[in-house]
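Results of the structural survey
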Amino acid sequence: MLNATNKSDIPPTQNAVLIREFGEPEVMTYQEGVDIPQLQADQVLIKVAYAGINPVDYKTRQGKGWAAEAIQKNTFDAGNAATLGFDVAGIVVDSTSDKFAVGDRVAALSFGGGCYADYVAVDASLLAKVPDSVSLEQAGALPCIGQTALQFIDFADIKKDEHVVINAPAGGVGHLAIQLLMNKVAEDNIKVTVICSPEKYEKLDDLIAKDKLAGWIDYTKDKAFPELQADVLLDLVGGEAGVRALEVMKPKGNVYVLPTIWVDKLKDAGSQKSLNVVGYKAQLNGEDMGRVLQLVADGKLALHIQKSYPLSDVAAAHHELQKGDTFGKIVLKVG
């Protein structure tokens, strides 16, 4: 655990991972002597302990999506370098907020980036205090996938007795979403079918009681998916895998997609069934951050961390995540 740091102990510069152009993981460079961010009103300065990495991180690094567009416009076009990273957990070392004090253990999802560094400034509204029973490593892995899974299941508004199909149930968001779904099996009598490889299906033993599942579809087999007449598809993959998963749906069923870039493709593919295809993007919310942390603290949500890399090995961490076979989450250890 990090110790509380006096404000006077904050160094003049920090180590951080900088990116000056989009491309392969090697465009990220670990550098010393980088300026520490200055606090604005109602922000805190966090000494970073762990920074989670997510698919949005490497897609941004590749130059894809809303975050890359913002970096290009606001940073690269001005001749400056950017620092990636949306997940953070660490210790407050300076604060302009009356809600958080020096020494507090905190975590946040911040679309402002900057978490691949020794220090990051974050709006206080995005923060939650980390319960004593939750490690900073767990907290650093949780923000994006935790808030997304929680909000995504709420957004899907699954009704009693509905049949829900979810693909990628062992990935970052998926391994939390499947646990939340299984709670609904008990509470609302829903049925849940998973789409995943045999290797990932075996790993689900660590997360859920698989005998409570309605079924498993092995996408690695070259045969048509069953026509389950499912009510809801939670698509955490998109692309051709998402299109193939539409075979399980009943006409006019509801399809919820992460990431949102695949919505149009799935709408076109599902038009003959008149499927309702909607994308979802996580909403920044300190209260939801607190809710997810408490679920982990109470033992109601199990978080799996596949591997922790030192911040200086960020390129290797991105290569690993891009393979697409992660079980749970990869994090960066800072300092």
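Residues numbered from 1 in each chain as written. Predicted model: local features only at pLDDT ≥ 70, side-chain atom pairs only at ≥ 80, totals over all residues. Heavy atoms only, no water.

**Here we look at the overall build of the protein**
What counts, and what does not: In this text, helices come from DSSP runs of H or I with a minimum length of four residues, and strands from runs of E with a minimum of two, each type numbered from the N-terminal end. The reference for a compact globule is 2.2 Å times residues^0.38; the radius of gyration itself is calculated from the C-alpha atoms. Note on classification: 1.4 Å probe, protein chains only; a residue is buried when its accessible area is under 20% of the maximum for its type, exposed when over 50%, partly exposed between these limits. Accessible areas in this description were obtained via Shrake-Rupley with a 1.4 Å probe; residue shielding takes into account the shown protein chains only. Neither His nor the chain ends is counted toward charge; the positive residues are Lys and Arg and the negative residues Asp and Glu. In plain terms, the charge of a residue is placed at NZ if it is Lys, CZ if Arg, CG if Asp and CD if Glu.
The number of helices and strands found in the protein is ten helices and 15 strands. Against the 2.2 N^0.38 benchmark of 20 Å for 335 residues, the protein shows a C-alpha radius of gyration of 20 Å, consistent with a compact globule. Each of the three principal axes of the protein carries a C-alpha extent, and together these read 65 × 40 × 35 Å. A buried classification covers 53% of the 335 residues belonging to the protein. Put simply, the protein shows about 15,000 Å² of open surface, and 46% of that area lies on carbon and sulfur atoms. Across the protein, the mean location of the 33 positive side-chain charges is 4 Å away from that of the 44 negative side-chain charges.

**A short note on the pattern of salt bridges**
Convention followed: Salt bridge, as applied in this entry: a Lys or Arg side-chain nitrogen positioned within 4 Å of an Asp or Glu carboxyl oxygen.
The final tally for this structure, using the stated rule, is ten salt bridges. Measuring nitrogen to oxygen at the nearest pair gives 3.8 Å for the salt bridge that ties Asp104 to Lys129. Note that Asp104 is positioned in the loop between strand S4 (87–95) and strand S5 (105–109) and Lys129 in strand S7 (residues 127–129), a separation of 25 residues in sequence. When its relative accessible area of 17% is taken as the criterion, Asp104 is described as buried. In this structure, Lys210 engages Asp205 in a salt bridge whose closest nitrogen and oxygen atoms are separated by 3.3 Å. Look at the salt bridges and you will find they share partners, linking Asp154, Asp288 and Arg291 into a network.

**A look at the sheet that holds strand S12 (residues 249–257)**
Defined as follows: Here, any two strands with at least 2 DSSP bridges between them count as paired. A fitted line through C-alpha atoms serves as each axis, taken over the contacting stretch for helices, and the angle formed by two N-to-C directions is quoted from 0 to 180°. Contacts are assigned to residue pairs that have any heavy atoms within 4.5 Å of one another.
Pairing within the open sheet is parallel, and its six strands lie in the order S10-S9-S8-S11-S12-S13. Each edge of the open sheet is held by one strand with a lone partner, namely strand S10 (215–218) and strand S13 (276–279). Averaged over all adjacent pairs, the angle separating strand axes in this sheet is 20 degrees, with direction ignored. The strands touched by helix H4 (residues 143–156) are strand S11 (230–235), S12 and S13; relative to S12, the strand with the most contacts, the crossing angle is about 150 degrees. Running at roughly 155 degrees to strand S9 (residues 191–196), helix H5 (residues 172–188) makes contact with strand S8 (163–167), S9 and S11 of the sheet.

**Describing the packing of H4 against helix H9 (residues 286–297)**
When two helices pack together, their arrangement is given by the angle between the helix axes and by the axis-to-axis distance. To keep it simple, the criterion reads: Oblique is the label for every angle not falling under 35 degrees (roughly parallel), over 145 degrees (roughly antiparallel), or within 65 to 115 degrees (roughly perpendicular). Lys, Arg, Asp and Glu make up the charged group, whereas Ala, Val, Leu, Ile, Met, Phe, Trp, Tyr, Cys and Pro make up the nonpolar group; the residues left over, Gly among them, are polar.
For the pair H4 and H9, the least separation of the axes is 9 Å and the interaxial angle reads 100 degrees. It follows that H4 is roughly perpendicular to H9 by the angle criterion. Here Pro143, Gly146, Gln147, Leu150, Gln151 and Asp154 of H4 lie close against H9, whose contacting residues are Asp288, Met289, Arg291, Val292 and Leu295. Split by residue class, the contact of H4 with H9 holds five nonpolar, three polar and three charged.

**Structural notes on helix H2 (residues 65–74)**
Stated formally: To be clear, the arc concerns the directions from the helix axis to the C-beta atoms.
Three or more residues of H2 are buried, namely Ala67, Ala68 and Ile71. In a view along the axis of H2, the buried residues occupy a sector of 100 degrees, so they form one face of it. Those residues of H2 that are exposed and aimed more than 90 degrees away from the buried face are Glu69, Lys73 and Asn74. The inward-facing, buried residues of H2 abut helix H1 (55–61).

**Here we look at the side chain of Asp87**
Which entries qualify depends on this criterion: A 3.5 Å cut-off defines polar contacts: any pair of N or O atoms within that distance qualifies, except that in protein one atom must be a possible hydrogen donor and the other a possible acceptor, and neighbouring residues in sequence count only when both atoms are side-chain atoms.
Summarising the element assignment, Asp87 is placed in strand S4. Within the structure, the side chain of Asp87 is placed 2.9 Å from the backbone nitrogen of Cys144, a separation counted as a polar contact. In this structure the side chain of Asp87 is engaged in a polar contact, spanning 2.7 Å, whose partner is the side chain of Lys329. Residues contacting Asp87, with those up to four places away along its chain left out, are Tyr50, Ala51, Gly52, Asn54, Ala108, Leu109, Cys115, Gly140, Ala141, Pro143, Cys144 and Lys329.

**Notes on the packing of aromatic side chains**
Condition: Two aromatic rings from Phe, Tyr or Trp, using only the six-membered ring of Trp, form a pair when their centres are within 6.5 Å; if the ring planes differ by under 30 degrees the pair is stacked, by over 60 it is edge-to-face, and anything between is tilted.
Under the criterion given, the structure shown has eight aromatic pairs. Summarising the aromatic geometry, the rings of Trp66 and Phe86 are spaced 6.0 Å apart at their centres and angled 40 degrees between planes, so their arrangement reads as tilted. Highlighted residues: Trp66 in helix H2 and Phe86 in the loop between H2 and S4, separated in sequence by 20 residues. Its relative accessible area of 5% is what places Phe86 among the buried residues. Joined through ring pairs, the aromatic side chains of Phe152, Phe155, Tyr256 and Tyr280 make up one cluster.

**Topic: the environment of Asn167**
Residue placement: Asn167 occurs in strand S8. Along the chain, Asn167 and Ala245 lie 78 residues apart, while their C-alpha atoms are 7.9 Å from each other. When neighbours within four sequence positions are excluded, Asn167 is seen to be in contact with Ile195, Leu234, Asp235, Leu236, Val237, Ala241 and Ala245. A distance of 2.8 Å separates polar atoms of two side chains, one belonging to Asn167 and the other to Asp235.

**Some details on the confidence of the model for the protein**
In plain terms, the rule: Predictor confidence is given residue by residue as pLDDT, running from a minimum of 0 to a maximum of 100.
Across the protein, the average pLDDT comes to 95, with 98% of residues at or above 70. In this model, residues 1–5 is a region of pLDDT below 50 whose contacts with residues beyond four sequence positions or in other chains number twelve contacts.

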